[in-house]
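# Structural overview
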Amino acid sequence: MALALALARQAGELGEVPVGAVLLRDGTVLGRGRNAPVASNDPTAHAEIVALREAAAQVGNYRLPGATLYVTIEPCAMCVGAMVHARIARLVFGAREPRAGAVASRESLAAKSWLNHRIEVTEGILAEAFAGLDSDTFAIAYKVEDTDDVFVMTSETRDALDRADVPYNVLAEEDGTKVALYHT
C-alpha cells in the first residue's frame, strides 16, 4: 500500500486527483497506476484501470485471478466493473470516497448477486476517525494483507487516532513522516 500512496502523491503533484493503485499476485507486483485522465486526455485513466491494464499486458491475459488490487481511495463504478471483468480476487482500499465510491459509500457493486464474479473487499481502517478530513489526510490509512495494520502517519492522523482513542506505536520517523503500527 505504501507504493499506492507514493503513486497517489505523484498524481497529485502532476495536477491529477491523488489516487494510486498497485496490483499484486503471489507477492509480485503485476501492475501499478496513478490517476492520469487530465494528462492523457483519457476519462478512463483512473489509477485502478492503469494498474489493471499494466498487469494484463504483463501476464498476457485480461483475466487476473488470484490478484489483489490495493488502492488509496474507494473505487468508482467504472473501476469496480473493470475489476469484476478482470476477475481479481481481492480489493483493499484505504478510505471511502463519499461522492462516487461504488464499493461501500454510494453503492456495493462488488457484492451484487447478479454479477458473475465477486470480489473480496477489505476496507481501510479507522474510516470514522478520518471522516471529514481532507483527501491528503484521509488517504493515508490503510490495511495491509492479513497482518497488523501499517500506515504512514501525519500530525492530522495522529490527532484522529488520539480523538478515537486508538492505540498505536510509532515505528520510524523520517523528515516528519512517521510510520506507525496499529494493532488490531
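Heads up: the structure comes first, above all this text.
Residues numbered from 1 in each chain as written. Predicted model: local features only at pLDDT ≥ 70, side-chain atom pairs only at ≥ 80, totals over all residues. Heavy atoms only, no water.

### Thoughts on the nonpolar core
By size, the foremost hydrophobic cluster in this structure holds 30 residues, and its most contacted members are Leu 23, Leu 64, Leu 69, Met 83, Ile 88 and Leu 91. Elements represented by at least two residues in this core include exactly strand E1 (20–25), helix H3 (47–59), strand E3 (68–73), helix H4 (77–86) and strand E4 (90–95). When neighbours within four sequence positions are excluded, Leu 69 is seen to be in contact with Ala 21, Val 22, Leu 23, Glu 48, Ala 51, Met 83, Ile 88, Arg 90, Leu 91 and Val 92. (Core = buried A, V, L, I, M, F, W, Y, C linked by side-chain atoms within 4.5 Å. Buried < 20%, exposed > 50% of the residue type's maximum accessible area, 1.4 Å probe, protein only. Helix = DSSP H or I, 4+ residues; strand = E, 2+ residues; numbered from the N terminus. Contact = heavy atoms within 4.5 Å.)

### Observations concerning the side chain of Arg 90
Topologically, Arg 90 is positioned in strand E4. Polar contacts involving the side chain of Arg 90 include one to the side chain of Thr 122, which spans 3.1 Å. (Polar contact = N/O pair within 3.5 Å; in protein donor to acceptor, adjacent residues only side chain to side chain.)

### A short note on the packing of H3 against H4
It is the contact of H3 with H4, at a shortest axis distance of 9 Å, that shows an interaxial angle of 20°. Overall, the two elements H3 and H4 adopt an arrangement that is roughly parallel. The way H3 lies across H4 gives a crossing that is left-handed. Where H3 abuts H4, its residues Glu 48, Ile 49 and Leu 52 lie against Met 78, Cys 79, Ala 82, Met 83 and Ala 86. Taken together, the residues of the contact of H3 with H4 sort by class into seven nonpolar, no polar and one charged. (Axes fitted to C-alpha atoms, helices over the stretch in contact; angles between N-to-C directions. Parallel < 35°, antiparallel > 145°, perpendicular 65-115°, else oblique. Left-handed = near helix turned anticlockwise from the far one by under 90°. Nonpolar A, V, L, I, M, F, W, Y, C, P; charged D, E, K, R; others polar.)

### Focus: the pattern of salt bridges
The full count for this structure, using the stated rule, is five salt bridges. Across the pair Glu 120 and Arg 90 runs a salt bridge whose closest N-O atoms are separated by 3.7 Å. Of this pair, Glu 120 sits in strand E5 (residues 120–123) while Arg 90 sits in strand E4, and the two are 30 residues apart along the sequence. (Salt bridge = Lys/Arg side-chain N within 4 Å of Asp/Glu carboxyl O.)

### A look at unusual backbone geometry
Positive phi outside glycine occurs at Asp 26, with the angle close to 55°. Turning to its location among the elements, Asp 26 is positioned in the loop between E1 and strand E2 (28–34). One non-glycine residue with positive phi stands out, namely Asn 41, at about 50°. Summarising the element assignment, Asn 41 is placed in the loop between helix H2 (37–40) and H3.

### Details of the sheet that holds E4
Taken together, the five strands give an open sheet; going across it, the order is E2-E1-E3-E4-E5, and neighbouring strands pair in mixed fashion. Only two strands of the sheet have a single neighbouring strand rather than two, namely E2 and E5. Mean inter-strand twist for the sheet, computed between neighbouring axes without regard to direction, equals 15°. Of the strand pairs in this sheet, E1 and E2 are connected by six bridges, and their pairing is antiparallel. Residue pairing for E2: Leu 24 is matched across the bridge by Val 29. Along the sheet face, helix H1 (residues 2–13) touches E1, E2 and E3 and points at about 150° away from the line of E1. (Pairing = 2+ DSSP bridges.)

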